[in-house]
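# Breakdown of the fold
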Amino acid sequence: MNLATAVDAYLRHVTVERGLSANTVAAYTRDLGLYATWLAGEDIDDPTTIGPAQLSGFVQYLGTRAEAPLGASSIARVLSSVRGLHRFLAEEGVAEVDVARETKPPKLGTRLPKAITIDEVGALLAATDGESLQQVRDKALLELLYATGARVSEAVALNVDDVLDDSVVRLFGKGGKQRVVPVGSYARAALDAYLVRARPILSARGSATPALFLGLRGQRVSRQNVWLIIRAAADRAGLTVEVSPHTLRHSFATHLLAGGADVRVVQELLGHSSVATTQIYTLVTADTLRDMYTIAHPRAR
């Protein structure tokens, strides 16, 4: 089995047998394409001839390549895909051992989530005020993202029936895990306005779809659409920081914790499988408190 055949077999495995999402499979495909290209440059086409030395060389290449060296987090992601491939080859008996088992990614520094202030969120949401179909939709979309902490993929996947009642929405997270998240009064009012005044008109422009958020031609909005909507709103609001859909998710968690919410409650709302993932937001809150203390206390400096 040559390398291309091995990669194809692995991608079929993660798609069919493991049922990974299309986005995850696409990421694996890109990562393993990068790996295969590097191996081809080393005249390696037989996966059974790959050893720890080649894997170390690939990791070093990723961090030093002339065209665009990758950071530690990106290298770790690519290496995760490569390790999955070699584990699969060992399990299938193609290779005698999993040669990537002991290959470690570069150590990642603690990277704090980027959140914007409550006032900046308010300015961002106010930038969607208006009566046009697009403005009414954008208001509902951004209010929902901030009210629920939804991932952008979860928001665009919402159907009308996932708005369960006046106070909760059903989100489908990673691995198809379902969670029910409260929706505040501002988001609910924006959603009601969108469902009554904008969505019926947008829906009539396209084929019948259960999607909650629709584009101007009646189709389900895409992740890329949401990025553009948020960036345009940030520009209109005059925000100087970079704002993305994930910024609203980070801000949702940070503002809840700063307001006294329990970290395990925030974990459930975000859909994190481990509380350790959520606890990084407590570092953000601690930094904010430290800064306020330094400014306000007469003997802090």
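These numbers were taken from a predicted model, which means no experiment stands behind them. (Residues numbered from 1 in each chain as written. Predicted model: local features only at pLDDT ≥ 70, side-chain atom pairs only at ≥ 80, totals over all residues. Heavy atoms only, no water.)

Pairing between side chains of opposite charge can happen when the charged atoms of each approach one another. One pass over the full model with this rule turns up 9 salt bridges. Residue arginine 137 is joined to aspartate 138 by a salt bridge in which the shortest nitrogen-to-oxygen separation is 2.8 Å. In this structure, arginine 137 and aspartate 138 share a single accessibility class: buried. Taking the shortest distance from any N to any O, the salt bridge between arginine 170 and aspartate 162 comes out at 3.0 Å. Here the residues in one salt-bridge network are Arg151, Glu154 and Arg179, joined through shared partners. (Salt bridge = Lys/Arg side-chain N within 4 Å of Asp/Glu carboxyl O. Buried < 20%, exposed > 50% of the residue type's maximum accessible area, 1.4 Å probe, protein only.)

Counting residues in hydrophobic clusters, the biggest one holds 50 residues, and the most contacted among them are Leu142, Tyr194 and Phe213. Looking at which element gives the most residues to this core, the answer is helix α6 (residues 133-148), with 8 residues. Not counting residues up to four positions away in its chain, the partners in contact with phenylalanine 213 are Arg137, Ala140, Leu141, Leu144, Ala155, Leu158, Leu191, Tyr194, Gln219, Arg220 and Val221. Counting 30 residues, the second largest nonpolar core, distinct from the first, contains Val7, Leu32, Val99 and Ala100. (Core = buried A, V, L, I, M, F, W, Y, C linked by side-chain atoms within 4.5 Å. Helix = DSSP H or I, 4+ residues; strand = E, 2+ residues; numbered from the N terminus. Contact = heavy atoms within 4.5 Å.)

Before going further, it helps to spend a moment on the packing of helix α2 (residues 22-41) against helix α4 (residues 72-91). The axes of two packed helices give the description: the angle between them and the distance between them. Contact geometry for α2 and α4: axes closest at 9 Å, N-to-C directions at 85°. The angle between α2 and α4 falls in the class roughly perpendicular. Residues Tyr28, Asp31, Leu32 and Tyr35 of α2 form the contact with α4, whose participating residues are Arg77, Val78, Ser81, Val82, Leu85 and His86. Among the residues making up the contact of α2 with α4, the classes are represented as 6 nonpolar, 2 polar and 2 charged. (Axes fitted to C-alpha atoms, helices over the stretch in contact; angles between N-to-C directions. Parallel < 35°, antiparallel > 145°, perpendicular 65-115°, else oblique. Nonpolar A, V, L, I, M, F, W, Y, C, P; charged D, E, K, R; others polar.)

In the sheet, strand β1 (residues 168-172) pairs with strand β2 (residues 178-182) via 5 bridges, with the strands oriented antiparallel. Bridged to valine 169 within β2 is valine 181. Linkage of β1 to β2, two consecutive antiparallel strands, is achieved through a turn of 5 residues, within which glycine 175 is found at a positive phi near 70°. (Pairing = 2+ DSSP bridges.)

Take the side chain of serine 251 next. By the secondary structure assignment, serine 251 is in helix α10 (residues 245-258). A polar contact is formed between the side chain of serine 251 and the backbone oxygen of threonine 247, at a distance of 2.7 Å. With residues up to four places along the chain from it excluded, the contact list for serine 251 reads Ala115, Ile116, Val121 and Tyr146. (Polar contact = N/O pair within 3.5 Å; in protein donor to acceptor, adjacent residues only side chain to side chain.)

Applying the stated criterion to the full structure yields 7 aromatic pairs. Three or more aromatic residues joined by ring pairs make a cluster, and in this case those are Tyr35, Trp38, Phe58 and Tyr61. (Phe/Tyr/Trp six-rings, centres within 6.5 Å; stacked < 30°, edge-to-face > 60°.)

Turning our attention to helix α5 (residues 118-126). What α5 keeps buried is the set Val121, Leu124 and Leu125. Buried residues of α5 fall within an arc of 95° about the axis and therefore sit on the same side. Residues of α5 that are buried in the fold lie against α6, α9 (223-237) and α10. (Arc of directions from axis to C-beta.)

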